[in-house]
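Here's the letter readout for the chains.
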Amino acid sequence: MKDHLSRIVDKYPANIFKNRKEHIVLVDHDSENPQTITANTRTIPGIITSRGCCYAGCKGVVIGPIKDAITITHGPIGCGYYSWATRRNKARLEEGETDNYLNYCFSTDLQEGDIVFGGEKKLKRAIKEVVEIFHPQNIMICSTCPVGLIGDDINAVAAWAEQEFHIKVLAFSCEGYKGVTQSAGHHIANNGLIKNVVGTGNTVTGKYSVNLLGEYNIGGDSWEIERVLTRIGYEVVSVMTGNGSIAKIKNAHLANLNLVQCYRSINYIAEMIQTKYGTDWLKVNFIGVQSCIESLRDMARYFDDPVLIARTEEVIAEELDEIMPVINHYQPLCVGKTAALFVGGSRALHYQYLFQDLGMETVLAGFEFAHRDDYEGSEVIPFIKEDADSKNIETLHLEPDEKHYRLVLSREKYETLKKQIPLNYFGGMIKVMKNNSVVIDDINHYEIDEFLKLLKPDIFCAGIKEKYQIHKSGVFSKQLHSYDYTGPYAGFKGAAAFARDIALGLTAPVWNMIRPPWKTEPMLEGSLIKE
Ligand code: CFM
Ligand code: HCA
């Protein structure tokens with residue numbers, strides 16, 4: 001396997017070879033040293049990467065799904081247009097709500113003249129226009145690349161608009177070129193929400209109140225998770241940010257526990273709420289039947305109430321009664337098959353558990369923009385403060401290797417928690433994968449082709465940029481970003497829907513009718529020109 005792997009990177013010129021080999025790991029749990037990977041570094045220019053930009057991470061991922069805010073993309077029209085409704089982050093009005101702007105696309109559509117003479121005036125006019133037409137309570141401004149280059153002061157415009165129209169106007173300087181991926185955008189969005197929204201509300205919350213962080217309601221996922229949580233008796237104070245609203249996010253500091261579904265996009269908020277308000281956070285995963293069960297049990301143990309624990313088991317049993325016949329029906333069509341997963345920063349890990357439920361093994365998994373801790377895990381170093389009177393846990397990220405946390409907690413809290421829930425907050429992907437499977441960061445078009453040939457997975461799950469490349473080579477691809485046109489895949493009912501979709505996809509007769517060129521004729525091998 002190692003030789004085969006080398007052959008893939010050997011084709012590169014020396015400097016690219018050196019770079020790419022650091023981003024690929026052949027899992028070996030018997031290796032003497034813990035396995036490490038290079039991640040969150042710049043893609044080599046010219047390589048056909050699957051990654052996106054800072055604006056995509058801020059506007060597209062975190063800010064975009066907030067339904068009661070009008071988000072104006074400040075820039076030429078392309079960025080606003082291409083981020084319009086492609087992510088399938090669903091939203092609907094709940095009781096008492098009046099604003100849902102998610103079907104609209106707002107942009108200043110900057111032209112050459114604005115780039116030369118400045119776009120602030122046009123932005124002001126756009127804000128005035130949306131206020132007059134829609135009367136929103138909240139406006140968000142997200143910058144694209146040229147705005148940063150010409151130096152428009154969107155913060156000053158936001159301050160002006162707040163004064164002028166007496167509404168909340170937030171500015172996010174998330175120019176696409178910032179950082180190396182979407183990840184920089186998550187951070188900018190998280191900082192803005194913490195600074196300006198969380199903590200500004202005062203709606204009283206109940207005993208079992210939680211925020212669901214890092215859940216974006218793709219295909220209706222958060223509705224399914226909320227359905228189960230509400231059945232058990234939890235109060236979901238806010239979801240960040242799927243079907244989310246400023247009206248709810250402003251009360252997030254009043255919840256008793258933060259649940260972290262997608263760690264990569266929201267760990268900043270979980271940690272900042274913890275530091276500022278002392279709220280604990282718990283890593284959960286609602287993708288997969290077993291993962292759902294474990295996450296619900298961890299939550300119940302955290303609150304440590306026998307009634308809640310019993311109710312949790314009751315709901316789990318009822319949910320299983322409903323979905324297991326469906327899963328058992330489709331599972332025989334999936335069992336023994338292999339999967340490759342390449343998604344943004346968390347799903348390539350989370351969906352491995354759902355594939356496990358179907359009896360399928362993951363032979364390759366990778367992320368577009370994960371950091372090292374998403375792959376390697378965070379080492380938890382418990383640090384006990386004997387005199388700590390607070391029962392809170394603080395988690396501190398130790399830079400620069402992004403690998404270490406330090407828990408600061410009272411002895412009493414440490415002793416109880418140690419028995420109750422895994423204090424290992426984030427395990428990382430390498431640890432859960434089998435020996436000889438491949439972990440790959442920032443995969444590119446060429447490498448996808450090569451790994452399809454090498455590993456021959458029965459399914460390669462990725463996104464829209466990869467899907468048809470994979471189909472053309474005769475392999476089934478399910479989009480794990482948008483779920484194609486279906487979902488939800490989270491929670492119990494989501495697992496049943498996933499089992500159905502995967503079984504039907506794997507057994508579709510079409511895969512026998514496609515012959516990729518390399519199966520029938522010798523390929524012309526291209527070579528990259530050395531510098
Ligand atoms: Fe988190 Fe996401 Fe993901 Fe992500 Fe994304 Fe997404 Fe994703 Mo696409 S927040 S990291 S930036 S789980 S949009 S809902 S599917 S790449 S794996
Ligand atoms: C993004 C959004 C995206 C893209 C999906 C894809 C999403 O990163 O800008 O490439 O198929 O989930 O919509 O990740």
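Scroll up to find the structure this text is about.
Residues numbered from 1 in each chain as written. Chains lettered and ligands numbered in written order. Predicted model: local features only at pLDDT ≥ 70, side-chain atom pairs only at ≥ 80, totals over all residues. Heavy atoms only, no water.

### Examining the pattern of salt bridges
One pass over the structure, following the stated rule, counts 25 salt bridges. As a salt-bridge pair, R92 and E94 come within 3.8 Å of each other at their nearest N and O atoms. In this structure, E450 and K453 form a salt bridge, with 3.3 Å as the shortest nitrogen-oxygen distance. Here K453 and E450 lie together in helix α19 (residues 445-455), a separation of three residues that amounts to about one turn. Classification of K453 by relative accessible area gives partly exposed; the value is 25%. When salt bridges that share partners are traced, they join E224, R227, R231, E318 and E319 into one network. (Salt bridge = Lys/Arg side-chain N within 4 Å of Asp/Glu carboxyl O. Helix = DSSP H or I, 4+ residues; strand = E, 2+ residues; numbered from the N terminus. Buried < 20%, exposed > 50% of the residue type's maximum accessible area, 1.4 Å probe, protein only.)

### A short note on the sheet that holds strand β4 (residues 138-143)
Here we have four strands laid out as an open sheet, ordered β3-β2-β4-β5, and parallel in their pairing. Edge positions in the open sheet fall to β3 (106-107) and β5 (168-172), since each of these has one partner strand only. Sheet topology places strand β2 (residues 69-74) next to β4; six bridges connect them, and they run parallel. Its bridge partner lying in β4, I70 is registered against I139. (Pairing = 2+ DSSP bridges.)

### Concerning a nonpolar patch on the surface
Residues I77, Y81, Y82 and W84 make up a contiguous nonpolar surface patch of roughly 480 Å² in combined accessible area. Take Y82: it is sitting in helix α4 (residues 77-82). We classify Y82 as exposed; its relative accessible area is 65%. (Patch = residues over 30% accessible without salt bridge, like charges linked within 9 Å, V, L, I, M, F, W, Y side chains within 5 Å. Areas by Shrake-Rupley, 256 points an atom, 1.4 Å probe, with all protein chains shown as cover.)

### Here's the deal with the site of ligand 2
Lining the immediate surroundings of ligand 2 are A56, R87, Q182, G463, I464, K465, Q479 and H481. Interatomic distance of 2.8 Å between a side-chain N/O atom of Q182 and an oxygen atom of ligand 2. In the model, an oxygen atom of ligand 2 is placed 2.7 Å from a nitrogen or oxygen of the I464 main chain. Calculation on ligand 2 without its partners gives an accessible area of 360 Å², and the protein chains cover 79% of this total. Grouping the amino acids of the shell around ligand 2 by side-chain chemistry returns two nonpolar, four polar and two charged. (Near = heavy atom within 4 Å. Polar contact = N/O pair within 3.5 Å; in protein donor to acceptor, adjacent residues only side chain to side chain. Nonpolar A, V, L, I, M, F, W, Y, C, P; charged D, E, K, R; others polar.)

### Let's talk about the site of ligand 1
Around ligand 1 sit 14 residues in total, of which R87, H186, C262, F369 and H481 are the nearest. Classifying every residue of the shell around ligand 1 by side-chain character gives six nonpolar, six polar and two charged.

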